[in-house]
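# Per-entry structural report
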Number of protein chains: 2
Amino acid sequence: MSKKVKVALLQLEATENKTSNTDKTFQCIREAAENGAQIVCTQELFQTLYFCQNHNEDHFDLAEESDGDLIKKLGELAKELGVVIVSSFFEKKMAGVYFNTASVHDADGSFLGIYRKMHIPEDPGFHEKYYFTPGDEGYKVFKTKYGKVGVLICWDQWFPESARLTALKGADILFYPTAIGVLPNEDDTVKREFMDAWETMHKSHAIANGCFVAAINRVGQEGGIRFWGDSFVSAPFGQVIAQAGDEETILYAECDFNLIEKQRRTWPFLRDRRPETYKALTGEK
Amino acid sequence: MSKKVKVALLQLEATENKTSNTDKTFQCIREAAENGAQIVCTQELFQTLYFCQNHNEDHFDLAEESDGDLIKKLGELAKELGVVIVSSFFEKKMAGVYFNTASVHDADGSFLGIYRKMHIPEDPGFHEKYYFTPGDEGYKVFKTKYGKVGVLICWDQWFPESARLTALKGADILFYPTAIGVLPNEDDTVKREFMDAWETMHKSHAIANGCFVAAINRVGQEGGIRFWGDSFVSAPFGQVIAQAGDEETILYAECDFNLIEKQRRTWPFLRDRRPETYKALTGEK
């Protein structure tokens, strides 16, 4: 018996115009739904350019509130189209407290909640520690009409802990809205090495946890960063079942969530964990 | 400045004759040392066939004590050759308590201690829960003349937790003595999928933790299992720097441990962990 769910990943270019970025993404969600997608996920911070390349107080004006207009409109769209929408946005909780956040709406339009990015990078061209407070609500899974959806965001992808914690909550699929690319001084060899490592980590989350993983990256040149796209979906044993290139695209993948049970019977890793021996992971001595 | 260490992985066939298996491995350690290896690691349970394919009480006679003859001889060999030896053996602690264990001897012959396999499989052809008590001493790093050596064993490879815990203790390199292969009903497509997943997990440990990883597998047909060899070494960003095929071989790799510092500056994942949010990994609610 199969339990096939069609997911769509929106891999797009962004401009300086927040309204047109938002309109384009909404239009792509419509297109994805027309093509049969049941769960749609946006790239990280889809409303804007990747504004973390430098420090600029004005950029805080780009943020949205989690009970604001964007979340309301996403709910209306989800309801109209009957699709689950995972959306990444710059969240203002209050003056001085901003998060890198994802929202999840169910296919009936109901707002299931948010996930706030737990691991925040701070590297040349990626000044996220300036803009974002580290997530304060932990790891989450959202029970939707089409399956249990885990959401993590970009830098989280390098941490096996966050994938595991989300999978242990029962996620069928982990979505990773992402903004990753190369700097001007990084050549094609370096880019290939970065991409390989990035893909390896995502596939390893699928394998170690026996679930689907979807990575959604943006494309295009923005200031000093060339975003490489390459969005993909991995099945529960690391098999890449759909992969985009470096052009704007809506990437579709059919995910049979019943493969999760099959995978975990053949390779029963979760059976053999030794949680009582993992205390040092939490900083305990 | 480089800090190059030459490691050697012994990928061998085994027979029913424990003495000749042991002699062959000792001879290969000599050959590796003559070729300049500074750290040598054996395959899992190198003294014997992979005896866990069925339940047989007599197999417990194959075990060695950690203060016994094997450990003494390994120490003498390490001292004579001036090499660090990581060795995997079937350990008898006392009547009824057996472990799947690895020993580490420093280049001056001193016995640095043992690691007891923490994650124990139990699958068709791999009845390890019958033979081995799960490790009772946790994750370890051994400070040797040539670097800090972490040891994990086979099934441990599927658990990001054990790689992380060992890396957090300062390991420059994680050795995984291994016995992995395919059953008669598993064709070349399945084998390729298994091997890909196996390699992905090892590379992910290197990437997530910014250290070297060495996987040492046996080769040959033993009863129903065809062991696939394919031993390899990964640099700290998942780059495979040496890889064997499916023949008996001593695989050499030059590991520049100073790359670890470089890697962790470029990709500072360890800086951004959120240990205080990982409590559910330990089974806490």
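Just above, that's the structure.
Our subject in this report is the structure included herewith. (Residues numbered from 1 in each chain as written. Chains lettered and ligands numbered in written order. Predicted model: local features only at pLDDT ≥ 70, side-chain atom pairs only at ≥ 80, totals over all residues. Heavy atoms only, no water.)

### Focus: the overall build of chain A
Quick note on the threshold: Secondary structure elements follow DSSP: runs of H or I no shorter than four residues count as helices, runs of E no shorter than two count as strands, and numbering proceeds from the N terminus. Atoms counted for the radius of gyration: C-alpha only. Globule rule: 2.2 Å times residue count to the power 0.38. Residue contacts are defined here by distance: any two heavy atoms, one from each residue, within 4.5 Å place the two residues in contact. The charge count includes Lys and Arg as positive and Asp and Glu as negative, but it does not include His or the ends of the chains. For charged residues, the charge sits on one atom: NZ in Lys, CZ in Arg, CG in Asp, CD in Glu.
Counting its secondary structure elements, chain A contains six helices and 15 strands. At 18 Å, chain A has a C-alpha radius of gyration in line with the 19 Å of a compact globule built from 285 residues. Over its C-alpha atoms, taken along the principal directions, chain A stretches across nearly 50 × 50 × 40 Å. Long-range pairs, those at least 24 residues apart, make up 68% of the contacts in chain A with a sequence separation of at least 6. Put simply, chain A has 33 plus and 43 minus side-chain charges, and the middle of one group is 9 Å from the middle of the other.

### Quick look at the sheet that holds strand β6 (residues 141-144) of chain B
Residues and elements named next belong to chain B. Applied cut-off: Strand pairing requires that DSSP identify at least two bridges connecting the strands. Where helices are involved, their axes are fitted lines through C-alpha atoms of the stretch in contact, as for all axes, and angles between N-to-C directions lie from 0 to 180°.
Read from one edge to the other, the open sheet built from six strands follows the order β6-β7-β8-β10-β13-β14, with strand pairing classed as mixed. One side of each edge strand has no neighbouring strand; the edge strands of this open sheet are β6 and β14 (240-243). Across the sheet, the mean angle from the axis of one strand to that of its neighbour is 20 degrees, orientation sign disregarded. Here helix α4 (residues 160-168) sits on the sheet and contacts β6, β7 (147-151) and β8 (173-178); the angle it forms with β8, its principal contact strand, is near 140 degrees.

### Thoughts on the pattern of salt bridges
To keep it simple, the criterion reads: Each salt bridge in this description consists of a side-chain nitrogen of Lys or Arg and a carboxyl oxygen of Asp or Glu lying within 4 Å of one another. Each residue is placed in one exposure class: buried if its accessible area under a 1.4 Å probe, protein chains only, is under 20% of its type's maximum, exposed if it is over 50%, and partly exposed if it falls in between.
This model, assessed by the stated rule, comprises 44 salt bridges over all chains. One salt bridge connects Asp272(B) with Lys129(A), and the closest N-O pair in it is separated by 2.7 Å. Taken as a pair, Asp272(B) in the segment after α6 (258-266) and Lys129(A) in helix α3 (residues 128-131) lie in two separate chains rather than in one. Look at Asp272(B) and you get buried, because its relative accessible area is 5%. Two residues, Arg192(B) and Glu199(B), come together in a salt bridge whose shortest N-O distance is 3.9 Å. Judged by relative accessible area, Glu199(B) falls into the buried class, the value being 11%. In this structure, a network of salt bridges that share partners links the residues Glu91(A), Lys93(A), Arg116(A), Asp136(A), Glu137(A) and Lys140(A).

### Re the relation of the copies chain B and chain A
Filter applied, for reference: Fitting of the copies onto one another was done by least squares over C-alpha atoms, counting residues only where both copies have pLDDT of at least 70.
Take chain B, turn it by 180 degrees, move it 0.0 Å along the axis, and it overlays chain A with an RMSD of 0.0 Å. Expressed as an axis order, the relation between the two copies is that of a two-fold axis. Take the interface residues of chain B: 100% of them recur as interface residues in chain A, which is what a same-surface contact looks like.

### Here's the deal with the packing of aromatic side chains
How two aromatic rings sit relative to each other is set out by the distance from centre to centre and by the angle between their planes. Heads up, the condition is: Between the rings of Phe, Tyr and Trp (Trp by its six-membered ring), a pair exists once the centres lie within 6.5 Å; its type follows the angle of the planes, with under 30 degrees stacked, over 60 edge-to-face, and the other angles tilted.
Overall, the coordinates contain 54 aromatic pairs over all chains when judged by the stated rule. Here the aromatic rings of Trp267(A) and Phe269(A) are separated by 5.8 Å at their centres, their planes lie at 45 degrees, and the arrangement is tilted. Residue Trp267(A) is classed as buried on the basis of its relative accessible area of 11%. For Phe269(A), a relative accessible area of 2% corresponds to the buried category. Measuring from ring centre to ring centre gives 4.6 Å for Phe60(B) and Tyr98(B), while their planes differ by 50 degrees; the resulting arrangement is tilted. On the criterion of sequence distance, the pair formed by Phe60(B) in the loop between β2 (39-41) and α2 (69-81) and Tyr98(B) in strand β4 (residues 97-105) is long-range, its members being 38 residues apart. Of the two residues, Phe60(B) and Tyr98(B), neither departs from the other in class, the shared state being buried. By the ring-pair criterion, three or more aromatic residues cluster together here, those being Phe51(A), Phe60(A), Phe90(A), Tyr98(A), Tyr130(A), Tyr131(A) and Phe132(A).

### A short note on unusual backbone geometry
All names here are of chain B. Even without a glycine there, the phi angle at Leu45 is positive, about 50 degrees. What makes Leu45 buried here is its relative accessible area of 2%. One non-glycine residue, Asp230, lies in the positive phi region at around 70 degrees. Among the secondary structure elements, Asp230 is positioned in the loop between β12 (225-228) and β13 (232-234).

### Some details on the interface of chain B and chain A
As a reminder of what qualifies: Simply put, the buried area is the total loss of 1.4 Å probe accessible area from both parts when two parts are fitted together. Polar contact criterion, stated in full: a pair of N or O atoms within 3.5 Å, where within protein one must be able to donate a hydrogen and the other to accept it, and residues adjacent in sequence count only if both atoms are side-chain atoms. In this count, Pro and Cys sit with the nonpolar residues alongside Ala, Val, Leu, Ile, Met, Phe, Trp and Tyr, while Asp, Glu, Lys and Arg are called charged and the others, Gly among them, polar.
Counting from both sides, the interface comprises 47 residues of chain B and, opposite them, 47 residues of chain A. Interface of chain B and chain A: buried area, both sides summed, is about 4,300 Å²; carbon and sulfur atoms make up 67% of it. At the junction of chain B with chain A, the criterion picks out six salt bridges. A salt bridge links Arg164(B) to Glu161(A); the shortest N-O distance between them is 2.7 Å. On the surface where chain B and chain A come into contact, there are 22 residue pairs in polar contact (both at pLDDT 80 or more). Counting residues per element, the ones that place at least two in the side of chain B that touches chain A are α4 and α5 (188-209) of chain B. Among the elements that take part in the side of chain B that touches chain A, α5(B) stands out by supplying nine residues, more than any other. Per-class residue counts for the side of chain B that touches chain A are 24 nonpolar, nine polar and 14 charged.

### Details of the pairing of strand β5 (residues 111-116) of chain A
Residues and elements named next belong to chain A. In terms of strand pairing, strand β4 (residues 97-105) meets β5 through five bridges, oriented antiparallel. When the bridges of β5 are listed, Ser103 appears paired with Ile114. Taken together, β4 and the strand that follows it, β5, pair antiparallel across an intervening segment of five residues, in which Gly109 is found at a positive phi of about 90 degrees.

### Thoughts on the environment of Glu31(B)
Residue and element names in this part refer to chain B. One can find Glu31 in helix α1 (residues 18-34). The class for Glu31 is partly exposed, based on a relative accessible area of 39%. A C-alpha to C-alpha distance of 8.7 Å links Glu31 and Ile250, two positions 219 residues apart in sequence. In contact with Glu31, not counting residues within four places along its chain, are Ile250 and Tyr252.

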